Amino acid sequence: MDNQFKASGVAFTIYGACTVLAFLLTYIFGITLFSGVQSLPISFFLLIYASLAINFLSLLCGLYLLKQNEAVHKIALPVSILILFSVPFGTIVGSIYLMQRFKNT
């Protein structure tokens, strides 16, 4: 059986792995070494953690798209719309999934 979402699964997986790794390295080496962490507003940390969660979901969506799980489309659609705002790579990955998803309609 041919996996019609293979390209978007690979794109989601690569994008998710790279962004999660970049966020974690930035957090470890940037924020923990920064001496004035207490002076940063809580909204900054909420934004960072929300971005990390969305990028981790994109990694999981890519893996489940490659496994041809049908239930992942309920999560992959909102995640692809959210990562469209991450210019330029998130826009490319989100648009690949959306084009493949709505190709038949």
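It should be emphasised that the depicted structure is a prediction, and the values quoted were computed from it without experimental measurement.

**Q** Quick question: what am I supposed to make of the overall build of the protein chain here?
**A** For the protein chain, the helix and strand inventory stands at 4 helices and 0 strands. In sequence order, the secondary structure elements of the protein chain are arranged as α-α-α-α. Seen through its C-alpha atoms, the protein chain measures out along the principal axes to roughly 55 × 25 × 20 Å. The buried share of the protein chain, reckoned over its 105 residues, is 31%.

**Q** Explain helix H4 (residues 89–101) here, please?
**A** The terminal C-alpha atoms of H4, which comprises 13 residues, lie 18 Å apart, in line with the 18 Å expected from a rise of 1.5 Å per residue. For H4, every residue scored as buried is listed here: Gly90, Val93, Gly94, Tyr97, Leu98 and Gln100. Down the axis of H4, the sector holding all buried residues measures 165 degrees, keeping them to one side.

**Q** It is not clear to me how helix H3 (residues 73–83) should be interpreted in this structure. Could you clarify?
**A** It helps to recall that an α-helix has 3.6 residues per turn; residues three or four apart then point in one direction. Listed in full, the buried residues belonging to H3 are His73, Ala76, Val79, Ser80 and Ile83. Around the axis of H3, the buried residues are gathered within 125 degrees of arc, so they sit on the same side. On the buried face of H3, the contacting elements are helix H1 (6–31), helix H2 (42–66) and H4.

**Q** Teacher, can you tell me more about the environment of Tyr49 here?
**A** In this structure, Tyr49 sits in helix H2. Judged by relative accessible area, which is 41%, Tyr49 ranks as partly exposed. Between the C-alpha atom of Tyr49 and that of Phe23, which follows or precedes it by 26 residues, the distance is 9.3 Å.

**Q** Please clarify how the nonpolar core should be interpreted in this entry.
**A** As a rule of thumb, nonpolar side chains are buried together in soluble globular proteins. Counting residues in hydrophobic clusters, the biggest one holds 13 residues, and the most contacted among them are Phe12, Cys61, Leu65, Val79, Ile83, Val93 and Tyr97. Secondary-structure elements contributing two or more residues to this core are H1, H2, H3 and H4. Residues contacting Val79, with those up to four places away along its chain left out, are Phe12, Ile54, Leu57, Ser58 and Cys61.

**Q** Quick question: what am I supposed to make of the packing of aromatic side chains here?
**A** To describe a pair of aromatic rings, you give the distance between the ring centres and the angle between the ring planes. In total, this model carries 4 aromatic pairs according to the counting rule given. Plain terms: the ring middles of Phe5 and Tyr97 are 5.9 Å apart, the flat faces sit at 35 degrees to each other, and that makes the pair tilted. One end of the pair, Phe5, is in the segment before H1; the other, Tyr97, is in helix H4, with 92 residues separating them in the sequence. Each member of the pair, Phe5 as well as Tyr97, carries the same accessibility label: buried.

Cut-offs used in this document
- Residues numbered from 1 in each chain as written.
- Predicted model: local features only at pLDDT ≥ 70, side-chain atom pairs only at ≥ 80, totals over all residues.
- Heavy atoms only, no water.
- Helix = DSSP H or I, 4+ residues; strand = E, 2+ residues; numbered from the N terminus.
- Buried < 20%, exposed > 50% of the residue type's maximum accessible area, 1.4 Å probe, protein only.
- Expected span 1.5 Å × (residues − 1).
- Arc of directions from axis to C-beta.
- Contact = heavy atoms within 4.5 Å.
- Core = buried A, V, L, I, M, F, W, Y, C linked by side-chain atoms within 4.5 Å.
- Phe/Tyr/Trp six-rings, centres within 6.5 Å; stacked < 30°, edge-to-face > 60°.

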